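# Architecture at a glance
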Amino acid sequence: MPKLTWQRSSYCPEGNSCVHVAVTTETIRLTESGDPTAAILTATPAAFDALLTALKKETPRV
């Protein structure tokens, strides 16, 4: 497995409630900042794009 370079989301406030993203040639990986090496979600670029598209369509909760 290649060494992952994690980037914190630009929408993240300070603290340990952040999403981190790492990209390889074939996958996009997501984890949370509390323990970035533990639970990792791996997706293809197409699946990640579909996730972002679906999230952008969601009605914001008030």
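Turning our eyes to something else, we now look at the overall build of the protein chain. The secondary structure content of the protein chain amounts to one helix and four strands. Its helices and strands in sequence order give the protein chain the pattern β-β-β-β-α, from N to C terminus. Across the 62 residues that make up the protein chain, the buried fraction comes to 23%. Look at the contacts in the protein chain between residues 6 or more apart in sequence, and 10% of them connect residues 24 or more apart. Total accessible area computed for the protein chain in this model is approximately 5,100 Å², and 57% of it derives from carbon and sulfur atoms.

This brings us to the side chain of H20. Structurally, H20 can be placed in strand β2 (residues 19-23). Relative accessible area serves as the criterion here: at 15%, H20 is assigned to the buried category.

Moving on, we get to the sheet that holds strand β3 (residues 28-32). The strand order β1-β2-β3-β4 describes an open sheet built from four strands, whose pairing is antiparallel. Each edge of the sheet is formed by a strand with only one pairing partner; in this case those strands are β1 (7-8) and β4 (41-43). With three bridges connecting them, β3 and β4 associate as antiparallel partners. Its bridge partner being in β4, L30 is matched across the sheet by L41.

Let us look at the environment of I28. Among the secondary structure elements, I28 is positioned in strand β3. Classification of I28 by relative accessible area gives buried; the value is 12%. Sequence spacing of I28 and A43 is 15 residues, and the spatial spacing of their C-alpha atoms is 5.3 Å. Setting aside residues up to four positions removed in sequence, I28 forms contacts with V21, A22, L41, T42, A43, P45 and F48.

Rules used in this analysis
- Residues numbered from 1 in each chain as written.
- Predicted model: local features only at pLDDT ≥ 70, side-chain atom pairs only at ≥ 80, totals over all residues.
- Heavy atoms only, no water.
- Helix = DSSP H or I, 4+ residues; strand = E, 2+ residues; numbered from the N terminus.
- Buried < 20%, exposed > 50% of the residue type's maximum accessible area, 1.4 Å probe, protein only.
- Contact = heavy atoms within 4.5 Å.
- Areas by Shrake-Rupley, 256 points an atom, 1.4 Å probe, with all protein chains shown as cover.
- Pairing = 2+ DSSP bridges.

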